[in-house]
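# Descriptive analysis of the structure
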Amino acid sequence: MRAKINGIEMDYETSGQGVALLWIHGYPLSRAIWSRQVGELSGDARHIAPDLRGYGQSEAPAGVYAMELLADDMRALLDANNIKQAVVAGLSMGGYVALAFALKFPDRLAGLILSNTRAGADSPEAAKARNDNADRALREGVKPVVEPMLGKLFSAETAGAKPALVEELRRILFSASPNGVAGALRGMAVRPDVTAQLPSITAPTLIITATDDAVIPPAESQKMAAAIKGSTLVEIPDAGHLPNMEQPAAFNKAVRNFIGRI
Ligand code: MLT
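Residues numbered from 1 in each chain as written. Predicted model: local features only at pLDDT ≥ 70, side-chain atom pairs only at ≥ 80, totals over all residues. Heavy atoms only, no water.

Judged by pairing direction, the sheet is mixed, and its eight strands sit side by side in the order β1-β2-β4-β3-β5-β6-β7-β8 without closing on themselves. With one partner strand each, in any of the chains shown, β1 (2-5) and β8 (232-236) form the two edges of the open sheet. Pairwise comparison of adjacent strand axes, ignoring direction, gives a mean angle of 25 degrees for this sheet. Here six bridges tie strand β5 (residues 86-91) to strand β6 (residues 109-115), and the two strands are oriented parallel to one another. Bridging from a neighbouring strand, A89 pairs with I113 of β6. Against the sheet, helix α12 (residues 248-260) contacts β3 (19-24), β4 (45-50), β5, β6, β7 (205-210) and β8, and its axis sits at roughly 170 degrees relative to β7. (Pairing = 2+ DSSP bridges. Helix = DSSP H or I, 4+ residues; strand = E, 2+ residues; numbered from the N terminus. Axes fitted to C-alpha atoms, helices over the stretch in contact; angles between N-to-C directions. Contact = heavy atoms within 4.5 Å.)

This is the structure we're talking about:
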């Protein structure tokens, strides 16, 4: 599907029936990372899986993609589909967007899934490195910026044992656009620390992490789980930063149990 969302052409897919479940992908990825969720959980929810601005088939305007702007995009996408409330699921940068959405539009939230993400902001050094990489992506193209991520996103075990999955991830990473990469990097560099606001989240919340996530370690998820009252924390074994792709059965089981309770 394609629609004008918050001023840009956004591409997204919808399928299934039940509670609305909005899937927000991470950086520098696309909705393709959710194929094992949208497919296998089709009987459990009404899925809405967008390509964020700058990614997949969506329009890639120049500029800073602040997490609040991406959250506005998500609210407009729900509006366009006449969805009053959704379970909002975000992975990594998608989790930053899901947190921004939860704090900005609490009345639109039926539940929150925070996978392999964190509530804190970047250190000044990390923010500078992101801005340097944003310049580089615009100057040289996305390859030198996204290629190093291929070795970091999956656990070493996944990378060794599942070459077809690594190839699938490579295709997704290399389909990113320079504006998309630069816009998201600049947006993440200025994102606020929302740790102090976590206790204000009252929607049912599932927090997912994975034992071998080298990008955002499980300790970040444990901190969020301690701050969001009544939240459920699930740690997926034998997976890195993308447990939804690396261990889809365990990931989907956690999501199914959670939405079954909503
Ligand atoms: C992501 O997977 O979305 C990014 O690695 C998150 C980040 O760089 O902070």
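Back to the text.
Mapped onto the fold, A86 is located in strand β5. C-alpha of A86 to C-alpha of A110: the two residues are 24 residues apart in sequence and 5.0 Å apart in space. Excluding its chain neighbours within four sequence positions, the residues that come into contact with A86 are A20, L78, R108, L109, A110 and G111.

Among the six residues that make up β7, six are buried, leaving the element largely enclosed by the rest of the structure. Covered by surrounding structure in β7 are T205, I207 and T209 together with L206, I208 and A210, the residues of both alternating faces. Looking at chain direction, β6 and β7 are connected through four bridges and run parallel. Note that in β7 the partner of L112 across the bridge is T205. Looking at chain direction, β7 and β8 are connected through five bridges and run parallel. Bridge pairing in β8 places I207 opposite L233. Taken together, β7, helix α10 (residues 218-227) and β8 constitute a β-α-β crossover, and its handedness is right-handed. (Buried < 20%, exposed > 50% of the residue type's maximum accessible area, 1.4 Å probe, protein only. Right-handed = clockwise from strand over helix to strand, strands pointing away.)

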